[in-house]
Amino acid sequence: KQFETPYEAIGGEEMISKLVEAFYKLVARHPDLAPIFPKDLTETARKQKQFLTQYLGGPPLYTEEHGHPMLRARHLPFEITPTRAKAWLSCMSEAMDEVGLSGPLREEFFQRLVLTAHHMVNTPDNST
Ligand code: HEM
């Protein structure tokens, strides 16, 4: 099919939902990540589904509810170190494996996330 967005191409709402659920299960038990996330990840996951939907060209659900993403600014309250960026990406990669996201679409999506994750880094590794 031509002209579909990456959002549609990877499987739309169902795939994003499965991916985000798998991702936060891994985040919740990652020793570098769990300490900076809320215990209850329901709301975090809901916002991430909205964000990734629009990130991939689907409906602008995040912006409709929360305004401009300003992702780097929204991450400033948290110490995002290079180690945590690496951990975030490894959880995402594992989640993509779990939900069976593969091929060029996965590679393109993941490479964009690598850039975005590095952009979120706001604290050096040796600061604490
Ligand atoms: C929120 C950590 C990268 C998208 C958050 C929160 C933390 C966090 C602690 C707050 C959770 C909450 O209070 O509910 C990290 C770490 C990253 C990272 C350690 C490593 C680099 C990313 C990336 C994206 C992203 C790459 C997008 C592709 C979001 C979104 C929210 C969020 C959409 C919700 C913002 C809101 O409150 O409206 N992140 N994040 N994060 N993160 Fe990240």
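Heads up: these notes are all about the structure in this document. (Residues numbered from 1 in each chain as written. Predicted model: local features only at pLDDT ≥ 70, side-chain atom pairs only at ≥ 80, totals over all residues. Heavy atoms only, no water.)

Concerning the overall build of the chain
Each helix and strand in the chain was counted, giving 7 helices and 0 strands. Listed by position from the N terminus, the elements making up the chain come as α-α-α-α-α-α-α. Its C-alpha atoms give the chain a radius of gyration of 14 Å, near enough to 14 Å, the size a compact globule of 128 residues would have. Projecting the C-alpha coordinates of the chain onto the three principal axes gives extents of approximately 50 × 30 × 25 Å. Of all intrachain contacts in the chain linking residues separated by at least 6 positions in sequence, the fraction that spans at least 24 positions is 68%. Carbon and sulfur atoms make up 56% of the accessible area of the chain, which amounts to about 7700 Å² in all. Across the chain, 14 positive and 17 negative side-chain charges occur, with their mean positions spaced 4 Å apart. (Helix = DSSP H or I, 4+ residues; strand = E, 2+ residues; numbered from the N terminus. Rg over C-alpha atoms; globule rule 2.2 N^0.38 Å. Contact = heavy atoms within 4.5 Å. Areas by Shrake-Rupley, 256 points an atom, 1.4 Å probe, with all protein chains shown as cover. Lys, Arg positive; Asp, Glu negative; His and termini not counted. Charge placed at Lys NZ, Arg CZ, Asp CG, Glu CD.)

Notes on the nonpolar core
The biggest cluster of nonpolar side chains holds 34 residues, and the ones touching the most others in it are Leu-52, Met-92, Phe-109 and Leu-113. The set of elements that each furnish at least two residues to this core consists of α1 (6-10), α2 (12-28), α3 (42-55), α6 (82-98) and α7 (103-120). Once residues lying within four places of it in the same chain are set aside, the contact partners of Met-92 are Leu-19, Phe-23, Leu-52, Phe-110 and Leu-113. (Core = buried A, V, L, I, M, F, W, Y, C linked by side-chain atoms within 4.5 Å. Buried < 20%, exposed > 50% of the residue type's maximum accessible area, 1.4 Å probe, protein only.)

Concerning the coordination of the iron atom of the ligand
For the iron atom of the ligand, the protein contributes exactly one donor atom, His-75 (NE2), at 2.0 Å. With respect to the helices, strands and loops of the structure, His-75 is situated in helix α5 (residues 71-75). (Donors = N, O, S within 2.8 Å, 3.2 Å for Na, K, Ca; no water.)

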